[in-house]
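# A closer look at the structure
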Amino acid sequence: MWHVATILACARAVRFAVEDLHDALRLDGGVLRLVEREVDAAELIEAAARRRRALQPGHSIMLDLIDGVSLTCDPDRVQRSICRLLAFASRWARQESHLALAMAATGDGGLAAELPFAAGATPAESDLGLWLARGVAGLHGGGLAFEVTSGNAVTVRFMMPAARTAWPPATTTVTHAA
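This text gives an overview of the structure that appears in the document. Just so it is clear, the model here is predicted, and its values are computed rather than measured.

## Describing the overall build of the protein chain
Per the secondary structure count, the protein chain includes 4 helices and 9 strands. For the protein chain, the N- to C-terminal ordering of α and β elements is α-β-α-β-β-α-β-β-α-β-β-β-β. Contacts in the protein chain between residues far apart in sequence, at least 24 positions, make up 77% of those at least 6 positions apart. Accessible surface computed for the protein chain: about 8800 Å², of which carbon and sulfur atoms make up 58%.

Following this line, the structure appears as structure tokens:
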């Protein structure tokens, strides 16, 4: 039975890679279009973590989410972008480290999905997944920040602008294991 699970996991990973290449062609050609709607940001990030976990079973991802934050975005593209960031981090993170993805407010009232991790080596910022995530964030008016500090501590931030973010009157933080 484990053979079937392995085959399915590999098939999902291949499909994800093909979809990434298709998105790269459309983004590079200026024809990647957004299908926007209002969504709950915490649910979107949780779904991205579940999707990533399905592609890489057994990998620990801790989530620090803020309930009640709404985003006006293309939820599929944003979810895939966050999956790409998790994939990037899992490739570069030290074996003993766990991934922790957190929601945070940006200085202008927007929303950031922050992913700090300890890299086993200095990661390459030229990764296709980062390039796609940066392009999707840009189409939404946001951006992607990539920071490497001493000791190969890395933080990647996927940022959405304030114009696309609706904060609740009082925020509540909830920690989940995905």
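## Let's talk about the layout of surface pockets
Counted as a void, the largest pocket has a volume near 160 Å³. As for the largest pocket, its lining consists of 11 residues, and the residues nearest its centre are Phe16, Asp20, Arg52, Ala87 and Arg91. Elements with a minimum of two residues in the lining of the largest pocket: α1 (2-28), α2 (41-55), α3 (75-92) and α4 (128-139). Split by residue class, the lining of the largest pocket holds 5 nonpolar, 1 polar and 5 charged.

## Topic: the packing of α3 against α4
Relative to each other, α3 and α4 sit at 150°, their axes nearing to 9 Å. As judged from the angle between their axes, α3 and α4 are roughly antiparallel. The handedness of the crossing between α3 and α4 is left-handed. Taken together, the residues of α4 that come into contact with α3 (itself represented by Arg77, Val78, Ser81, Arg84, Leu85 and Phe88) are Gly129, Leu130, Leu132, Ala133 and Val136. For the contact of α3 with α4, the per-class residue count stands at 7 nonpolar, 2 polar and 2 charged.

What counts, and at which threshold
- Residues numbered from 1 in each chain as written.
- Predicted model: local features only at pLDDT ≥ 70, side-chain atom pairs only at ≥ 80, totals over all residues.
- Heavy atoms only, no water.
- Helix = DSSP H or I, 4+ residues; strand = E, 2+ residues; numbered from the N terminus.
- Contact = heavy atoms within 4.5 Å.
- Areas by Shrake-Rupley, 256 points an atom, 1.4 Å probe, with all protein chains shown as cover.
- 1 Å grid on protein atoms, 1.4 Å probe; cavity = no way out; pocket = protein on both sides within 12 Å on 5 of 7 lines; lining within 4 Å.
- Points joined across faces, edges and corners; volume = space filled by probe spheres on them.
- Nonpolar A, V, L, I, M, F, W, Y, C, P; charged D, E, K, R; others polar.
- Axes fitted to C-alpha atoms, helices over the stretch in contact; angles between N-to-C directions.
- Parallel < 35°, antiparallel > 145°, perpendicular 65-115°, else oblique.
- Left-handed = near helix turned anticlockwise from the far one by under 90°.

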